[in-house]
Structure formats: structure tokens, C-alpha cells
Amino acid sequence: MERYRADEPRIVYVVLSYSTPIAWVRDDGKVIIPESHYSLTTTRHQRLCRDWL
């Protein structure tokens, strides 16, 4: 999760699914939801993040 590590100093909110960061918000308000492929459940969690964040 290279993108998460790069953004880590600026992250103000993170969404975890089974200890995996699947979405986060940076201090500039930008929402990041990586296009990574996960299990069906985690993919559903990401879809919820897209709808809500």
C-alpha cells in the first residue's frame, strides 16, 4: 500500500476493513479510495466509502 504510506503524514481520517486501509481523507480534503482489488466484503466496504465520502 505504497500510496497510503506516501499520504500517511497528511491523513486525517482513515477507513479500515479488516485492518486494511481502504479509503482515507487527507488534510486538504481530498478523498483517496485506491483502485485495489480485495475480497468481496472489502470491495463492498469500498463501494460504501465511494457513496458516503
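Residues numbered from 1 in each chain as written. Predicted model: local features only at pLDDT ≥ 70, side-chain atom pairs only at ≥ 80, totals over all residues. Heavy atoms only, no water.

**Observations regarding the environment of Asp27**
Working step 1: Within the secondary structure, Asp27 sits in the loop between strand E2 (20-26) and strand E3 (31-32).
Working step 2: Along the backbone, Asp27 and His45 are 18 residues apart, and their C-alpha atoms lie at a distance of 22 Å.
Working step 3: Non-local contacts of Asp27, meaning those with residues more than four positions away in its chain, are made with Arg10 and Val12. (Helix = DSSP H or I, 4+ residues; strand = E, 2+ residues; numbered from the N terminus. Contact = heavy atoms within 4.5 Å.)

**Focus on the packing of aromatic side chains**
Working step 1: Evaluated as defined, the whole model comprises one aromatic pair.
Working step 2: Between Tyr4 and Trp24, the aromatic rings sit 5.1 Å apart at their centres with planes inclined by 80°, giving edge-to-face as the arrangement. Residue Tyr4 is located in helix H1 (residues 2-7), and its partner Trp24 is located in strand E2; the two are separated by 20 residues in the primary sequence.
Working step 3: Overall, Tyr4 belongs to the buried group, its relative accessible area being 18%. (Phe/Tyr/Trp six-rings, centres within 6.5 Å; stacked < 30°, edge-to-face > 60°. Buried < 20%, exposed > 50% of the residue type's maximum accessible area, 1.4 Å probe, protein only.)

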